Amino acid sequence: MAAAASISTAFLPLHKPTKDFKSFIPTSQTPKFFTKIKPAALAVKSAAKEHDVIHVQGIDFTDGEIEREVEGGKEVQLISGFGGSEGRLSFEGGFSSAPAGSSGSGGGGGGGGSQVVEGDKLIDRAINATIVLAAGTFGITKLLTIDYDYWHGWTIFEILRYAPQHNWSAYEEALKENPLLAKMMISGVVYSIGDWIAQCCEGKPLLEFDRTRMFRSGLVGFSLHGSLSHYYYYFCEELFPFQDWWVVPVKVAFDQTAWAAVWNSIYYVVVGLLRFESPVTIFSELKTTFWPMLTAGWKLWPFAHIITYGVVPLEQRLLWVDCVELIWVTILSTISNEKSEARISDAPIDPNSSSSFDPSEE
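Residues numbered from 1 in each chain as written. Predicted model: local features only at pLDDT ≥ 70, side-chain atom pairs only at ≥ 80, totals over all residues. Heavy atoms only, no water.

## Quick notes on the overall build of the protein chain
Part 1 of the reasoning: Scanning the protein chain from terminus to terminus reveals ten helices and four strands.
Part 2 of the reasoning: Helices and strands in the protein chain line up, N terminus first, as α-α-β-β-β-β-α-α-α-α-α-α-α-α.
Part 3 of the reasoning: Taken across its 362 residues, the protein chain has 30% of its residues classed as buried.
Part 4 of the reasoning: By sequence separation, contacts in the protein chain at least 24 residues apart represent 65% of the contacts at least 6 residues apart. (Helix = DSSP H or I, 4+ residues; strand = E, 2+ residues; numbered from the N terminus. Buried < 20%, exposed > 50% of the residue type's maximum accessible area, 1.4 Å probe, protein only. Contact = heavy atoms within 4.5 Å.)

In structure tokens:
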């Protein structure tokens, strides 16, 4: 008996019994690891099953804190050590994965990614610069070569003197031949330039503008603003055919209520459809931006339209309005795009969690 007693005392466990760890474990749940577990972690889990405790290595419980979270309707207790900087242990899961940027390989990957981004920016700048240079060269050439058939022998002073006058004559001829197409082209150019100005006002460099966004605005100006405005000004003259002085403020009031509300809504809806947004999203945001867009126009257009309806002839009104539109399209484009861009930037990123691993499946 003495020999048996000595043998049993020789194989007593050498570790101190732990009585507080069990209180942290939900008795109704089985510990489950969701992140990748290395073989060493499997050994720890098997040892925990044998001794009915979980050995935590590398966590200082004196400096850590106990947190509670609710996941899927179940209360989960978490223990984080060293302020959470060393990872977080969950008795419902494993250690939370470290940030990608903290690893050495992640830093190398970030460097490669930044080089790719810089390369993309250079390509975008080159394409944008080509577009701006080509459009500017074409416009200036068309304006300065209006008299190319008979300007031989002219001095530079004579070319600069007569070019504006002859360009105006060519514009009037285009209005007589095809007034609708001429006005559509002018509105398309104005709406493209206006969106470019809006992007620059938002902080983008001159050659890093969004080409797709500028094309959308120009397409709306060409296909809708030029044509609809052409017919609207004729309709307004038929609606108010009087020549008295009081007709001008009446036309301005009608323009800034009925027509402004209709056109602002058309622009917002069509640009949203060209961005492939859902109709529900478009109309919900239109409700919130309708009144700000309308009241913003009241700070600009009443003063401009006193000239529009009081001084400018009917055929030339859209040209004058398009000159003012350079300011208004900047406002319209900013209001129309800021909510969409904010929604894209604030969209929650679905974390691509590392492959879930359950040791019980093995």
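## Describing the packing of aromatic side chains
Part 1 of the reasoning: The full count for this structure, using the stated rule, is 14 aromatic pairs.
Part 2 of the reasoning: Ring centres of Tyr191 and Tyr267 lie 5.9 Å apart, and the angle between their planes is 50 degrees; on these two criteria the pair is classed as tilted. Of the two residues, Tyr191 sits in helix H5 (residues 179-201) while Tyr267 sits in helix H7 (residues 247-274), which places them 76 residues apart along the sequence.
Part 3 of the reasoning: For Tyr191, a relative accessible area of 0% gives the class buried.
Part 4 of the reasoning: For Tyr267, a relative accessible area of 1% corresponds to the buried category.
Part 5 of the reasoning: Judged by centre distance (5.7 Å) and plane angle (85 degrees), the ring pair of Trp291 and Trp298 falls under edge-to-face.
Part 6 of the reasoning: On the accessibility criterion, Trp298 (36% relative accessible area) is partly exposed. (Phe/Tyr/Trp six-rings, centres within 6.5 Å; stacked < 30°, edge-to-face > 60°.)

## Thoughts on the nonpolar core
Part 1 of the reasoning: Membership of the largest hydrophobic core comes to 35 residues, with the highest contact counts inside it found for Trp263, Tyr267, Trp301 and Tyr309.
Part 2 of the reasoning: Every element with two or more residues in this core is listed here: helix H4 (156-177), H5, helix H6 (211-239), H7, helix H8 (279-297), helix H9 (301-310) and helix H10 (317-345).
Part 3 of the reasoning: With nine residues, H7 is the single largest residue contributor to this core.
Part 4 of the reasoning: The contact partners of Tyr267, leaving out residues within four places of it in the chain, are Tyr191, Ser217, Val220, Leu332, Ser333 and Ser336. (Core = buried A, V, L, I, M, F, W, Y, C linked by side-chain atoms within 4.5 Å.)

## Observations concerning empty space enclosed by the protein
Part 1 of the reasoning: The final tally for this structure, using the stated rule, is two cavities of 30 Å³ or more.
Part 2 of the reasoning: In this structure, the largest cavity spans a volume of roughly 150 Å³.
Part 3 of the reasoning: If you go around the largest cavity, you meet 16 residues; those closest to its centre are Asp255, Trp259, Trp263, Trp301 and Glu325.
Part 4 of the reasoning: Contributions of two or more residues to the lining of the largest cavity are made by H6, H7, H8, H9 and H10.
Part 5 of the reasoning: Sorting elements by how many residues they give to the lining of the largest cavity places H7 first, with six residues. (1 Å grid on protein atoms, 1.4 Å probe; cavity = no way out; pocket = protein on both sides within 12 Å on 5 of 7 lines; lining within 4 Å. Points joined across faces, edges and corners; volume = space filled by probe spheres on them.)

## So, the environment of Asp124
Part 1 of the reasoning: Within the secondary structure, Asp124 is located in helix H3 (residues 104-144).
Part 2 of the reasoning: As a C-alpha pair, Asp124 and Arg211 span 87 residues in sequence and 9.1 Å in three-dimensional space.
Part 3 of the reasoning: Once residues lying within four places of it in the same chain are set aside, the contact partners of Asp124 are Leu207 and Arg211.

## Observations regarding H8
Part 1 of the reasoning: Along its length, H8 reaches its greatest deviation from straightness, about 45 degrees, at Thr289, and the proline Pro292 lies no more than four positions downstream.
Part 2 of the reasoning: Buried within H8 are the following residues: Ile282, Glu285, Leu286, Thr289, Met293, Leu294, Ala296 and Gly297. (Bend = angle between axes of the 7 residues up to and from the residue.)

## Here we look at the state of the cysteines
Every disulfide links exactly two cysteines, by a covalent bond between their sulfur atoms.
Part 1 of the reasoning: Evaluated as defined, the whole model comprises zero disulfides.
Part 2 of the reasoning: Looking at Cys201, it has no disulfide partner, and the nearest cysteine sulfur is the one in Cys200, 7.0 Å off. (Disulfide = S-S within 2.5 Å.)

## Some remarks on the pattern of salt bridges
Part 1 of the reasoning: As enumerated under the stated definition, the model contains eight salt bridges in all.
Part 2 of the reasoning: Of the charged contacts, one joins Arg125 and Glu208 as a salt bridge, the two residues approaching to 2.4 Å between their closest N and O atoms. With a gap of 83 residues between them, Arg125 in helix H3 and Glu208 in the loop between H5 and H6 connect regions that are remote in the sequence.
Part 3 of the reasoning: The class for Arg125 is partly exposed, based on a relative accessible area of 33%.
Part 4 of the reasoning: Here Lys183 ties to Glu315 by a salt bridge, and the two come within 3.6 Å at their closest N and O atoms. Within this pair, whereas Lys183 is found in helix H5, its partner Glu315 is found in the loop between H9 and H10, the two being separated by 132 residues in sequence.
Part 5 of the reasoning: Here Lys183 falls in the buried class, since its relative accessible area comes to 4%. (Salt bridge = Lys/Arg side-chain N within 4 Å of Asp/Glu carboxyl O.)

## Here's the deal with the layout of surface pockets
Part 1 of the reasoning: Counted as a void, the largest pocket has a volume near 1,100 Å³.
Part 2 of the reasoning: As for the largest pocket, its lining consists of 29 residues, of which Gly139, Lys142, Leu143, Ile186 and Val189 are closest to the centre.
Part 3 of the reasoning: Of all elements in the fold, only H3, H4, H5 and H10 reach the threshold of two or more residues within the lining of the largest pocket.
Part 4 of the reasoning: Broken down by element, the residue count for the lining of the largest pocket peaks at eight residues, all from H3.
Part 5 of the reasoning: Here the residues of the lining of the largest pocket are counted per class, giving 21 nonpolar, five polar and three charged. (Nonpolar A, V, L, I, M, F, W, Y, C, P; charged D, E, K, R; others polar.)

## Observations regarding the packing of H6 against H7
Part 1 of the reasoning: Interhelical geometry of H6 versus H7 gives an angle of 155 degrees and a closest axis separation of 11 Å. Accordingly, the angle class assigned to the pair H6 and H7 is roughly antiparallel. Crossing handedness for the pair H6 and H7: right-handed.
Part 2 of the reasoning: Within the contact of H6 with H7, the residues separate by chemical class into 17 nonpolar, three polar and four charged. (Axes fitted to C-alpha atoms, helices over the stretch in contact; angles between N-to-C directions. Parallel < 35°, antiparallel > 145°, perpendicular 65-115°, else oblique. Left-handed = near helix turned anticlockwise from the far one by under 90°.)

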